[in-house]
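Reading the structure
The chain contents come next:
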Amino acid sequence: MTDSGRAWPWWRLALTGLSALALALSAYLSWHYLTGEQVAGCGGGSPCDQVLNSRWSSVGGVLPVSALASGTYLALLLASLFIGPATAVEVRRLAWQAMLVLVGAAAGSAVWFTIVQKWIVGAFCPYCMVTHVTGVLLAILVIWRAPGSLKSEIGNPKSERIPRSKIRFSDFRFRIWSLAGVGLAGILAVSQAAFTPPAAFRGGDSREQLPALDPRAVPLVGSPEASYVVTLLFDYECPHCQKLYFMLDEAVRRYNGKLAFAVCPAPLNTHCNPYVSHDVDEFKDSCELARIGLAVWKADRKAFPEFDRWMFSFDSGDHWQPRSADAARAKAVELVGEAKFDSAMADSWGARYLQTSTRIYGATVRDGKGGVPRLVFGSRWVIPQPNDADELLSILQKSLGLPKP
């Protein structure tokens with residue numbers, strides 16, 4: 001029996017299996033998005049966590065893109081069940097047309113979200129990438145098999161005799177169907193770019209008593225006399241922290257000095273933060289960078305703002321990269337002098353303050369979800385992702401309860 005005459009040739013088994021795999025992964029991510037639970041292997045602040053909790057993980061902050069993917073792969077799986085020789089020709093033709101549109105959408109979306117992860121978020125989600133690769137493989141398989149699948153029915157005495165004019169799978173026609181799917185992916189990309197979801201994406205109230213901070217005795221952005229002191233938990237290797245950092249001064253200015261941010265390093269590394277579930281390479285130097293930053297503040301408080309700005313700035317290109325521990329140490333020595341820096345590094349204050357910061361971090365972790373930057377005011381906390389100072393002020397007021405300036 002020829003390959004085309006078998007009900008389940010290898011390529012059809014592959015098509016159905018890949019569709020089922022992509023559906024399972026998409027449904028898994030959708031379920032976690034809707035329930036708010038942590039995805040396995042995606043600890044707080046990890047690249048996977050950054051992607052899944054970015055504004056690009058949904059459309060308008062309402063509909064998760066993983067749910068759209070689930071619907072796409074479910075439809076693809078169902079269509080793959082109606083392309084066998086036992087199915088009527090007209091039904092097979094409709095099933096192939098549907099699959100061409102669906103794989104076009106899957107492949108187009110795979111390209112779009114890979115671009116988002118690489119050049120916008122700056123991190124990759126393994127679950128997402130496996131799904132994207134699966135979508136591309138499905139597109140290749142369907143586009144390869146579609147043109148000849150119904151053409152093979154002509155002249156087959158066991159099949160229905162249909163005129164060639166009714167076979168719509170010429171090279172031109174099936175490319176049009178695939179391009180229609182790519183167009184759907186383009187609509188999704190435009191929708192995501194046009195309808196920005198709310199800036200704050202996670203928050204809550206701490207059930208534990210948070211350590212009190214003396215604004216006159218800790219690193220601060222703003223005045224220690226400010227009426228409202230918001231605790232900022234951050235990591236020197238966190239890209240979202242880098243973006244938020246350059247909004248702080250404008251927020252302080254808008255509040256006319258009544259707002260300040262207590263700067264609390266909360267490294268996403270188990271070596272100094274016991275509330276982090278596991279380590280990832282992206283934060284391997286976080287503990288050392290936090291110690292260096294605190295040593296600069298201890299050695300010379302006036303030098304600390306310059307050190308902070310340098311840590312979150314970049315010298316060239318359009319994509320920020322964290323400073324290495326060696327570079328940070330060299331900059332610290334340049335700013336405060338080697339003797340003062342070494343003395344500050346040996347002072348126990350840095351270790352105690354780091355413990356306080358991580359305790360605040362641990363007290364505001366809900367359902368195992370970590371991540372920074374994290375803003376804390378009173379018992380309320382939020383992990384923001386603002387695009388500008390206006391959105392940051394909105395978060396402070398709506399999520400943390402600060403009055404308007």
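Everything numeric here is computed off the predicted structure, so don't read it as measured data.

1. Some thoughts on a nonpolar patch on the surface
- On the surface, Trp 8, Leu 13, Leu 74, Leu 78, Leu 81, Phe 82 and Val 91 cluster together into a nonpolar patch covering about 630 Å² of accessible area.
- Within the secondary structure, Leu 81 sits in the loop between helix H3 (65-80) and helix H4 (89-121).
- Among the residues examined, Leu 81 registers a relative accessible area of 40% and is labelled partly exposed.

2. A short note on the side chain of Ser 57
- Tracing the backbone shows Ser 57 in the loop between helix H2 (47-52) and strand E1 (58-59).
- The class for Ser 57 is buried, based on a relative accessible area of 10%.
- If sequence neighbours within four positions are ignored, Ser 57 has contacts with Tyr 33, Val 51, Leu 52, Pro 64, Val 65 and Gln 192.

3. Structural notes on the packing of aromatic side chains
- Taken as a whole and assessed by the stated rule, the structure comprises 17 aromatic pairs.
- A ring pair is formed by Trp 349 and Tyr 353, whose centres lie 5.2 Å apart and whose planes are at 10°; its orientation type is stacked. Note that Trp 349 and Tyr 353 are positioned in helix H12 (residues 349-363) at a spacing of four residues, about one turn of the helix.
- One aromatic cluster is present, formed by Phe 234, Tyr 236, Tyr 245, Phe 246, Phe 307, Trp 310, Phe 312 and Trp 320 through successive ring pairs.
- A cation over a ring is seen here: Arg 145 above Trp 144, with NZ or CZ 5.0 Å from the ring centre.
- For the cation-ring pair, Arg 374 lies above Tyr 361, with the distance from its terminal atom to the ring centre recorded as 5.0 Å.

4. Re the pattern of salt bridges
- Under the criterion given, the structure shown has nine salt bridges.
- Residues Arg 93 and Glu 90 are paired through a salt bridge, measuring 2.2 Å at the closest nitrogen-oxygen approach. Taken together, the residues Arg 93 and Glu 90, both in helix H4 and three residues apart, mark about one turn of the helix.
- Taking the relative accessible area as the measure of exposure, Glu 90 reaches 40% and is therefore partly exposed.
- We note a salt bridge from Asp 390 to Arg 254, for which the minimum N-O separation is 2.8 Å. Of the two residues, Asp 390 sits in helix H13 (residues 389-398) while Arg 254 sits in helix H7 (residues 239-254), which places them 136 residues apart along the sequence.
- Accessibility expressed as a relative area gives 28% for Arg 254, which makes it partly exposed.

5. Comments concerning the confidence of the model for the protein chain
- This prediction gives the protein chain a mean pLDDT of 86; 86% of its residues lie at or above 70.
- Per-element averaging of pLDDT across the protein chain places strand E3 (residues 200-205) at the bottom with 68 and helix H8 (residues 286-299) at the top with 98.
- Note that residues 153-170 has pLDDT below 50 and, in this model, 31 contacts with residues that lie over four places away or in other chains.

6. Thoughts on the pairing of strand E5 (residues 228-234)
- Most of E5 is tucked away, with five of its seven residues classed as buried.
- Of the strand pairs in this sheet, E5 and strand E6 (residues 259-265) are connected by seven bridges, and their pairing is parallel. Bridging across to E6, Tyr 228 finds its partner in Leu 259.
- As paired elements, E5 and strand E7 (residues 374-377) share three bridges and run antiparallel to each other.

7. Comments concerning the pairing of strand E8 (residues 380-384)
- Where burial is concerned, most of E8 is hidden: four out of the five residues are buried.
- Here E7 pairs with E8 via three bridges, running antiparallel. Bridging across to E8, Phe 377 finds its partner in Arg 380.
- Linking E7 to E8, which pair antiparallel, is a turn of two residues; within it Gly 378 sits at a positive phi near 65°.

8. Thoughts on the packing of H8 against helix H9 (residues 304-312)
- Interaxial distance between H8 and H9 falls to 8 Å at its minimum, and their mutual angle equals 155°. Here H8 is positioned roughly antiparallel relative to H9, judged by the angle of their axes. Seen along the crossing, H8 lies across H9 with a hand that is right-handed. For the pair H8 and H9, the contacting residues are Leu 289, Ile 292, Gly 293, Val 296 and Trp 297 in the first and Phe 304, Phe 307 and Met 311 in the second.
- Looking at the contact of H8 with H9 residue by residue, the class counts come to seven nonpolar, one polar and no charged.

The rules behind these values
Residues numbered from 1 in each chain as written. Predicted model: local features only at pLDDT ≥ 70, side-chain atom pairs only at ≥ 80, totals over all residues. Heavy atoms only, no water. Patch = residues over 30% accessible without salt bridge, like charges linked within 9 Å, V, L, I, M, F, W, Y side chains within 5 Å. Areas by Shrake-Rupley, 256 points an atom, 1.4 Å probe, with all protein chains shown as cover. Salt bridge = Lys/Arg side-chain N within 4 Å of Asp/Glu carboxyl O. Helix = DSSP H or I, 4+ residues; strand = E, 2+ residues; numbered from the N terminus. Buried < 20%, exposed > 50% of the residue type's maximum accessible area, 1.4 Å probe, protein only. Contact = heavy atoms within 4.5 Å. Phe/Tyr/Trp six-rings, centres within 6.5 Å; stacked < 30°, edge-to-face > 60°. Lys NZ or Arg CZ within 6 Å of the ring centre and 35° of its normal. pLDDT = per-residue confidence, 0-100. Pairing = 2+ DSSP bridges. Axes fitted to C-alpha atoms, helices over the stretch in contact; angles between N-to-C directions. Parallel < 35°, antiparallel > 145°, perpendicular 65-115°, else oblique. Left-handed = near helix turned anticlockwise from the far one by under 90°. Nonpolar A, V, L, I, M, F, W, Y, C, P; charged D, E, K, R; others polar.

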